[in-house]
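Here is what each chain is made of, one letter per residue.
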Amino acid sequence: MSDETFYLTAELPGTGGTIKETVDDFVVEEIPLYLPCGEGEHVYALMEKRGVTTLDAIRRLARALKLSERDVGYAGMKDARGVTRQTVSLPRMKPEEVLALELPGIRILSAVRHRNKLKLGHLAGNRFRIRVRGVVSDAPARATAILAVLERRGVPNRFGEQRYGAQGNSHLIGRAMLAGDWRAAVDLLMGDPAKVTGEAWRSAIEAYQRGELEESQRLFPGHCRTERDVIQRLVKRPDDFEGAFRAVNPRLRKLYLSACQSALFDHVVEARLDSLDTVQEGDLAWKHANGACFLVTDSAAEAPRAEHFEISPTGPLFGCRMMMPEGEEGALERSLLAAEGVEPASFDLPGGLRMEGERRPLRVPLGDPRVFADADGLVLEFSLPKGSYATAVLREVVKGGRLD
């Protein structure tokens, strides 16, 4: 897959700069799909967390309230690097009990009863407030021009590098899994010594690459539990790479496959950048009002709906049951799969790893963009639908700056 960078706003200069230098530089607030009604067995708690992942916050809440983590509902995942306001649902609790909680990195802002548990995906989108530091002097004007194009044409709906893991190769592990190349999957899992920190970690990978398995297992740091578990199996059966890879947690294996889906989708976004805001014959178009898809048979008739952002072309999250488009888009997607050495049936994996696939819009609307400067840099405010990433906007604005 290409590492080249493509921009929808390539003709406009970026601001440069970096994000997430402090926790307060990245603020995200969920836009709820609905509000709690005030009655029911669940309490919807709006929490503000700082430097804490969603799953870690759930663990802390469950422990403090003596609940099972499985009973805590949430609508979306948020990482640790920033300030996040998101809602969780807590069963069999009194609102005043929840409001009284005092936990490190977590503040409860409100607690209101509701009838049902909050489920993943039960949100409309997210509102972002992001500070970019170290920008050029005319950054506000540059950012304003870029956001105007994105508001008119849409935001390229990329997943981006954050889906590819700390070493940027999660999608390659997933591709090796789909191809049944278990030696490659294990090699990639062990990693690249040039991309890790710590002398012991680097030495562990180098020992693995030399075939010194027991030495590699001894050197891997404690946080590399997956690598150690895989090598432990290889020590017993050195040529059984498929069996060794089964030591990887199924949830992690699914993440590798999902990363591969994401990378293939991003490839289609790049190929369709010039036509993100138009639909072609054979496209499977996305209805933004309800997420339904339909086959475009008359692109001229559908052009006004695309212009008014009612519909958009879609790209593939490939799977064994995903509907394929027709025409040029269908040919593009089939050739992409063929170049990767996989086919739709490759995603029909056993052991709970089956990926059925779905369609995803190639662009999404940018909501209520604002730009201003303060003493610390450039501040961007905007909203995106659920499942879309702020980095898709930031990479267009910053162009070459640091986004991790």
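Note: the structure precedes this text.
Draft legend 1. The pairing of strand β10 (residues 311-317), seen in detail. Burial of β10 is extensive: 7 of the 7 residues sit out of reach of the surface. Of the strand pairs in this sheet, β10 and strand β11 (residues 358-361) are connected by 4 bridges, and their pairing is antiparallel. For glycine 315, the partnering residue across the bridge sits in β11 and is arginine 360.

Draft legend 2. A look at the nonpolar core. If you look at the biggest cluster of nonpolar residues, it comprises 71 residues, and the most contacted ones within it are Phe245, Leu380, Phe382 and Val393. With 7 residues, helix α10 (residues 250-271) is the single largest residue contributor to this core. The contact partners of phenylalanine 245, leaving out residues within four places of it in the chain, are Ile173, Met177, Trp182, Ala185, Val186, Leu189, Arg253 and Tyr256. Ala57, Leu61, Leu101 and Ile108 belong to the second largest nonpolar core, which has 20 residues in total.

Draft legend 3. Spatial organisation of the packing of aromatic side chains. A complete count under the given rule lists 7 aromatic pairs for this structure. Ring geometry for tyrosine 34 and tyrosine 44: centres 6.3 Å apart, planes at 40°, overall tilted. Residue tyrosine 34 is located in the loop between β1 (26-32) and β2 (42-50), and its partner tyrosine 44 is located in strand β2; the two are separated by 10 residues in the primary sequence. Here tyrosine 44 falls in the buried class, since its relative accessible area comes to 4%. Ring plane angle 45° and centroid distance 5.5 Å describe the contact between tryptophan 182 and phenylalanine 245, whose orientation is recorded as tilted. Taken together, the positions of tryptophan 182 in helix α5 (residues 182-190) and phenylalanine 245 in helix α9 (residues 241-245) put the pair 63 residues apart, joining distant regions of the chain. The buried category is assigned to phenylalanine 245, whose relative accessible area is 1%. Through pairs of rings, three or more aromatic residues link up here, namely Phe26, Phe128 and Phe382. Its guanidinium or amino end placed over the ring of phenylalanine 265, arginine 360 lies 5.3 Å from that ring's centre, counting from NZ or CZ. Between the NZ or CZ atom of arginine 363 and the centre of the ring of phenylalanine 309, over which it lies, the distance is 3.8 Å.

Draft legend 4. Layout of the pattern of salt bridges. With the rule as written, the count across this model stands at 34 salt bridges. Ionic pairing is found between arginine 354 and aspartate 348, a salt bridge with its closest N-O pair at 2.9 Å. Through salt bridges with shared partners, one network takes in Asp25, Arg131, Arg133, Asp374 and Asp376.

What counts, and at which threshold
- Residues numbered from 1 in each chain as written.
- Predicted model: local features only at pLDDT ≥ 70, side-chain atom pairs only at ≥ 80, totals over all residues.
- Heavy atoms only, no water.
- Buried < 20%, exposed > 50% of the residue type's maximum accessible area, 1.4 Å probe, protein only.
- Helix = DSSP H or I, 4+ residues; strand = E, 2+ residues; numbered from the N terminus.
- Pairing = 2+ DSSP bridges.
- Core = buried A, V, L, I, M, F, W, Y, C linked by side-chain atoms within 4.5 Å.
- Contact = heavy atoms within 4.5 Å.
- Phe/Tyr/Trp six-rings, centres within 6.5 Å; stacked < 30°, edge-to-face > 60°.
- Lys NZ or Arg CZ within 6 Å of the ring centre and 35° of its normal.
- Salt bridge = Lys/Arg side-chain N within 4 Å of Asp/Glu carboxyl O.

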